[in-house]
Amino acid sequence: MTDKGADVATLTERDIQELPLAKALNAGLRKAMEDDERVLLMGEDIGPLGGVFRVTEHLHRDFGPKRVMDTPLAESGIIGTAIGLAMRGYRPVCEIQFDGFIFPGFDQITTQLAKMTSRHQGAVTMPVVIRVPYGGHIGAVEHHQESPEAYFAHTAGLRLVSPSTPHDAYWMIQEAIASNDPVMFFEPKSRYWHKGPVDLTSNVAALHSSKVVRTGEDVTLVGHGAMVNVLMQAAEIAAGEGTSIEVVDLRSLSPIDYAPIIESVRKTGRLVVASEAPGFVSIPSEIAATVTEQAFYSLEAPVLRVSGFDVPFPPAKLETAYLPDPDRVLEAVDRALAY
């Protein structure tokens, strides 16, 4: 007689793994490369070294230099080459080593990559993924801890996503690679080494969907990437003080899936949106405006924003003063509840 319980346990151990976010991305890239030989990886030091954060570790060894390519230190050249490869039928995945290094490639991304399909009336697709490690909390210097996502969310023709968990990282990188549109894939580098369960057989969330990751009744918190963990910490502290908080993980920054956000706000009546980026002309600004338009009569208080300050990213010793933390989020929650 077969021990069904043992079979289930074996299946669970095999198909659900505890992985750091960086390893989940590595596994997702590996799966995409195994499934489609047109998938190529390009970037600075991503080959034998495996990238600064080791996200591409061992992929050069296993797939060879023609599919995992070290490039010169020239972001414009990386993106331009990827555009040419996409036009020839390949599906390139580019790594930008650090968030602040992306700007030499800004012209290629915003005036070429984002516009090519429209320029050719749909006859040319651009299945290019640009991986961007972004955000603070790693104790680095200027141009290594920034959050430039709003620049690209403003550009029509680009899709933007950002996972906050290893499970989402594993699945979202594969979905991004499968897209025929260019996808900016923002990876919260401060979460690279944090582990979480990854279901290797099942994914229930579409690439461009928001997701309620904690239910509550009093206030809605919305964020993306590393900020989701900060919001969950704030919600846990608030629960100890008798306040029930709902947390929504954006996951997709362009397009934004507003349905879960609007539904949550209609329940709680209060919304706080948080981001590491400066607050002026930001993702939280757009969400605040849209929620005010679509759920005005459900709001019991103004939509509040918590963000980095509108100054250049400071020296590493000051990053904790610059970046939003649970205390700053909870201060906004208190202001929302005071109305």
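Coordinates for the structure precede this section.
These numbers come from a predicted model, not from an experiment.

Parameters and conventions
Residues numbered from 1 in each chain as written. Predicted model: local features only at pLDDT ≥ 70, side-chain atom pairs only at ≥ 80, totals over all residues. Heavy atoms only, no water. Core = buried A, V, L, I, M, F, W, Y, C linked by side-chain atoms within 4.5 Å. Buried < 20%, exposed > 50% of the residue type's maximum accessible area, 1.4 Å probe, protein only. Helix = DSSP H or I, 4+ residues; strand = E, 2+ residues; numbered from the N terminus. Contact = heavy atoms within 4.5 Å. Phe/Tyr/Trp six-rings, centres within 6.5 Å; stacked < 30°, edge-to-face > 60°. Polar contact = N/O pair within 3.5 Å; in protein donor to acceptor, adjacent residues only side chain to side chain.

**Notes on the nonpolar core**
So, step 1. Formed by 44 residues in total, the largest nonpolar core has its most connected members in Ile-130, Met-184, Ile-261, Ile-287 and Val-291.
So, step 2. Breaking this core down by element, the ones donating at least two residues are β2 (39-43), α4 (75-87), α5 (106-113), β5 (129-134), β7 (183-188), α10 (259-268), β13 (271-278) and α11 (283-294).
So, step 3. No other element matches the six residues that α4 contributes to this core.
So, step 4. Setting aside residues no more than four positions away along its own chain, Ile-261 makes contact with Ser-210, Val-222, Val-248, Leu-250, Ile-256 and Val-291.
So, step 5. Counting residues in hydrophobic clusters, the runner-up holds 32 residues, among them Leu-29, Ala-169, Trp-171 and Ala-176.

**Focus on the packing of aromatic side chains**
Ring pairs (aromatic) are described by centroid distance and by the angle formed between their planes.
So, step 1. Enumeration over the complete set of coordinates arrives at 15 aromatic pairs.
So, step 2. Each ring, one from Phe-309 and one from Tyr-322, has its centre 6.2 Å from the other, and the planes form 70°; the classification is edge-to-face. Pair noted here: Phe-309 is in the loop between β14 (304-308) and α12 (319-322) and Tyr-322 is in helix α12, with a separation of 13 residues, a long-range link.
So, step 3. The exposure class assigned to Tyr-322 is buried, which follows from its relative accessible area of 5%.
So, step 4. A network of ring pairs unites the aromatic residues Phe-103, Phe-106, Tyr-134, Tyr-151, Phe-152 and Phe-186 as a single cluster.

**Concerning unusual backbone geometry**
So, step 1. Of note, the amide linkage connecting Ser-254 to Pro-255 takes the cis form, showing an omega dihedral of 0°.
So, step 2. Among the secondary structure elements, Pro-255 is positioned in the loop between β12 (252-254) and α10.
So, step 3. With a phi close to 70°, His-58 is a non-glycine residue in the positive phi region.

**With respect to the environment of Arg-251**
So, step 1. Within the fold, Arg-251 resides in the loop between β11 (245-249) and β12.
So, step 2. We classify Arg-251 as buried; its relative accessible area is 0%.
So, step 3. As a C-alpha pair, Arg-251 and Val-228 span 23 residues in sequence and 9.6 Å in three-dimensional space.
So, step 4. Look past the residues within four positions of Arg-251 in its chain and what remains in contact with it is Val-161, Ser-162, Asp-168, Met-172, Ala-205, Ala-206, Leu-207, Ser-209 and Lys-211.
So, step 5. At 2.9 Å, the side chain of Arg-251 forms a polar contact with the backbone oxygen of Ala-206.
So, step 6. A polar side-chain atom of Arg-251 sits 2.8 Å from the main-chain carbonyl oxygen of Ser-209.

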